[in-house]
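Working through the structure, step by step
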Amino acid sequence: MTVLIKNGRIVTATDDYTADIVIDGERIHTIGRDIPAAGHAEVHDARGLLVLPGGVDVHTHLDWDFGVARTADTFGTGTKAAAFGGTTTLVDFCNQDGRAPQAALEDWHSRAASACIDVAAHLILTKVSEQVLIDMASLIRRDGVSTFKLFMAYPGVLMVDDATIFKALRVARDNGGMICMHAENGPVIQVLIEEAIAAGHTAPKYHETTRPSLLEGEATQRAITLSELAEAPLYIVHLSAAEALAAVTAARDRGVPVHAETCPHYLFLTKEEYERPGFESAKFVMTPPLRDRHHQSMLWRGLSTNDLQVVSTDHCPFCFNEQPLGMKYSKQQGVNNFNKIPNGAPGIETRLPLVYDGGVRANRISLNRFVQLTATTPAKLFGLFPKKGTIAVGSDADIVLFDPNEQWTIRAAAHHSRVDYSLFEGRSVTGRVKKVFLRGGLIVEGDRWLGREGGGNYVPRGQAGRA
Ligand code: DUC
Ligand code: ZN
Ligand code: ZN
């Protein structure tokens, strides 16, 4: 059973040409010109469309337990939303949550079984005993979990100390793994939060004032110092601050293998959102918080100089309203105290159109760079390439047909996530996902859903940290 995609403009991280693609089973079999339509089970005319590798989003929190809160998407709903946004592979965060890593991973697998697209796991380590350091090696080598997130923030909840970070970096280095770092100085942030609350500053906007960019810069520099000493690769997640980017840039200039991602909300929104009336601004409470325009222009610069190498979503959705999912899934927990607002925001369905519209169409990045940032480099850094992240003979036939000219308006009501709002509500964008193939199977056609829960595979990953 073969599928033919004809006349499309194929864009990868390096190439841009018009050709036909034959998919045989789950893989790309042939790329060529003027391939006859006869004899194929399906023929798709991609004239006028971009043919892109399926997006790879390496930062999501589906069905994620964040203590008193839980994210609103199941693997079924979150991955369906991802597919409509042109993403065909996720690397999602599995929380150790004080358990043996293997138990946490089994639990993650049972929930991830409903995924509609391909999924892989990172492990968030919160209790790193000597046994856990030993377990890391088999997680990398046997289970295909080659990346681990550590937190320098949230003391008493998720934070680990510098000694732990240093030890974990060395274990990752020795086994082909990589540490992903949430870099903010948690203890100092805690002081600022306590002072704000004591002063009666309880509105959502104080989330931003208590997490200054300097403290992201400090922690990023500290993480880099530890990784440099350990001679281990490092990946800074959700980088938002110019100070943090400066530390990454200086390290990369020294030849240190530091990598970093940013997210669409830091590229397109600013801290002015915290001035929205009432509790509305709680929708924008994510960590790190939104920054001012100066940081934003530095992030675009970092994307063009390759000091920022990935755009991921950090899809960590909590509903604005309490109903219908309940208080555990809602921002309303923090209506009287910003420190109780679950930290996180949705974005899994809008990454490609936003970056295409605000990046490529706005002449900030090239079309090839767009593919590199959203598919190829994340696949390479996280041990998924060349199975994922490109269009090449032998690669999985994860393919997006994208209309570069269609203008549409982002509306949460039309989304497929269970979350009840969008950070980008009402924003007009040009560029829209039209068809999505997952391993050769058509799962999205316009607004028609053709995929199924459980149709995604678990993808064990190889060595991490090589772009
Ligand atoms: N960090 C994340 O990556 N996601 C949600 C909250 C956080 O602190
Ligand atoms: Zn984080
Ligand atoms: Zn996250």
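Our subject is the structure that appears above.
The next subject is the site of ligand 1. All residues adjacent to ligand 1 are H59, H61, K149, F151, Y154, H182, H238, T287, D314, C316 and N343. Take Y154: an N or O atom from its side chain is 2.6 Å from an oxygen atom of ligand 1. Compared with its free state, where it exposes 240 Å², ligand 1 has 100% of that area covered by protein. Because more than half of its atoms lie within 2 Å of the grid, ligand 1 is assigned to the largest cavity. Split by residue class, the shell around ligand 1 holds three nonpolar, six polar and two charged.

Here we take up the coordination of the zinc ion (ligand 2). Here the zinc ion (ligand 2) is held by K149 (NZ), H182 (ND1) and H238 (NE2), and the distances to it run 2.1 to 2.3 Å. When the donors of the zinc ion (ligand 2) are listed by position in the chain, the intervening gaps give K-x32-H-x55-H. Separating the zinc ion (ligand 2) from the zinc ion (ligand 3) is a distance of 4.4 Å. With a gap of 56 residues between them, H182 in strand β12 (residues 178-182) and H238 in the loop between β13 (234-236) and α8 (242-253) connect regions that are remote in the sequence. Across the pair, exposure class does not vary: H182 and H238 are buried alike.

Following the criterion strictly, the structure yields six cavities of 30 Å³ or more and no others. The volume enclosed by the largest cavity comes to roughly 110 Å³. Together, 15 residues line the largest cavity, and H61, Y154, T287, D314 and N343 are the ones closest to its centre. Here the lining of the largest cavity is built from residues that sort into six nonpolar, seven polar and two charged. Taken as a whole, the second largest cavity encloses approximately 80 Å³ of empty space. Lining the second largest cavity are 13 residues, with P346, G347, I348, E349 and H415 sitting closest to its centre. Along the lines of polarity and charge, the residues of the lining of the second largest cavity split into six nonpolar, six polar and one charged.

Criteria and cut-off values
Residues numbered from 1 in each chain as written. Chains lettered and ligands numbered in written order. Predicted model: local features only at pLDDT ≥ 70, side-chain atom pairs only at ≥ 80, totals over all residues. Heavy atoms only, no water. Near = heavy atom within 4 Å. Polar contact = N/O pair within 3.5 Å; in protein donor to acceptor, adjacent residues only side chain to side chain. Areas by Shrake-Rupley, 256 points an atom, 1.4 Å probe, with all protein chains shown as cover. 1 Å grid on protein atoms, 1.4 Å probe; cavity = no way out; pocket = protein on both sides within 12 Å on 5 of 7 lines; lining within 4 Å. Sits in = over half its atoms within 2 Å of the grid points. Nonpolar A, V, L, I, M, F, W, Y, C, P; charged D, E, K, R; others polar. Donors = N, O, S within 2.8 Å, 3.2 Å for Na, K, Ca; no water. Helix = DSSP H or I, 4+ residues; strand = E, 2+ residues; numbered from the N terminus. Buried < 20%, exposed > 50% of the residue type's maximum accessible area, 1.4 Å probe, protein only. Points joined across faces, edges and corners; volume = space filled by probe spheres on them.

Note that every value here comes from positions in space, so none of it alone points to a role or purpose.
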